[in-house]
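Spelled out, the chains give:
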Amino acid sequence: MAEQEQQQEQAAKDVEHADVEEEEEDNPNYKPPAPKKLDDIVNQDQDDESLVKYKQALLGQGSKDIIHDPNNKLNCIIQKLSLLVEGRDEVSIDLTKPEEEIKNESFTIKEGCKYQIKIYFLVQREIVTGLKYVHKVFRKGIKVDSMSQMMGSYGPKVELQSFTTQQEEAPSGMIMRGDYKIKSCFYDDDKIYYAHWEWHLAVKKDW
């Protein structure tokens, strides 16, 4: 337990140093629900058919016995980030690689095109609640944009899970072309940080 807390504290500090702090909440009075164990959630409200169906949809065949990586103490393991553009093949960054290698990764997109980000992850042991993806975009050291996406809650499953962000539009115009550095992080309602990384987006006149 102490080891997990140390890992979480260090991850949170690293994210703070990387200037990817949480954006202001739309509702500053929002308080996340108290965390519950998977067994407690499964065994609760057995006589409520609608809740039982909801939990089945959330958990599937999920079980606290599902463990993808016994050496990883976190309950959510980020696998990869993909860029989705209509009419183009999906391109991805492997987020299991060392951070220094990920920093060298770059997507190239055409100016003005519509795109989405898709994040793939595994959940093990317990339900993770209120997952959120946040990133900040920098150009020449100046913050020019940001994104904050609430993803929801996910239970342990054998299969890879994913979330796709809302559609965004790439910058356009001659002065807006160039390299953009993006700092991303991934955390939940309990402020447990599961991953943080830096990557690049190159906006060009054409593909």
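This is a predicted model, so every value here is computed, not measured. (Residues numbered from 1 in each chain as written. Predicted model: local features only at pLDDT ≥ 70, side-chain atom pairs only at ≥ 80, totals over all residues. Heavy atoms only, no water.)

1. Side note on the overall build of the chain
- From N to C terminus, the chain includes 4 helices and 10 strands.
- Expressed as a percentage of contacts within the chain between residues at least 6 apart in sequence, the contacts between residues at least 24 apart total 71%. (Helix = DSSP H or I, 4+ residues; strand = E, 2+ residues; numbered from the N terminus. Contact = heavy atoms within 4.5 Å.)

2. Let's talk about the pairing of strand S3 (residues 106-110)
- Burial along S3 is one-sided: Phe107 and Ile109 are buried, and none of Ser106, Thr108 and Lys110, which face the opposite way, are.
- Here S3 pairs with strand S10 (residues 193-204) via 5 bridges, running parallel. Following the sheet pairing, phenylalanine 107 is matched in S10 by leucine 201. (Buried < 20%, exposed > 50% of the residue type's maximum accessible area, 1.4 Å probe, protein only. Pairing = 2+ DSSP bridges.)

3. Here we look at a nonpolar patch on the surface
- On the surface, Met174, Ile175 and Met176 cluster together into a nonpolar patch covering about 350 Å² of accessible area.
- Looking at the secondary structure, you find methionine 176 in the loop between strand S8 (168-169) and strand S9 (178-187).
- The exposure class assigned to methionine 176 is partly exposed, which follows from its relative accessible area of 32%. (Patch = residues over 30% accessible without salt bridge, like charges linked within 9 Å, V, L, I, M, F, W, Y side chains within 5 Å. Areas by Shrake-Rupley, 256 points an atom, 1.4 Å probe, with all protein chains shown as cover. Salt bridge = Lys/Arg side-chain N within 4 Å of Asp/Glu carboxyl O.)

4. Looking at unusual backbone geometry
- Its identity as a non-glycine residue notwithstanding, lysine 140 has a phi of 55°, on the positive side.
- By relative accessible area, which is 76% here, lysine 140 ends up exposed.
- Phi at lysine 191 takes a positive value of approximately 60°, unusual for a residue other than glycine.
- The topology assignment puts lysine 191 in the loop between S9 and S10.
- The partly exposed category is assigned to lysine 191, whose relative accessible area is 40%.

5. Focus: the side chain of asparagine 75
- Its location among the elements puts asparagine 75 in the loop between helix H3 (49-59) and strand S1 (76-84).
- The exposure class of asparagine 75 is buried, given its relative accessible area of 17%.
- When neighbours within four sequence positions are excluded, asparagine 75 is seen to be in contact with Leu122, Val123, Gln124, Arg125, Glu126, Val128 and Tyr194.

It is worth stressing that arrangement in space is one thing and function is another; only the former is reported here.
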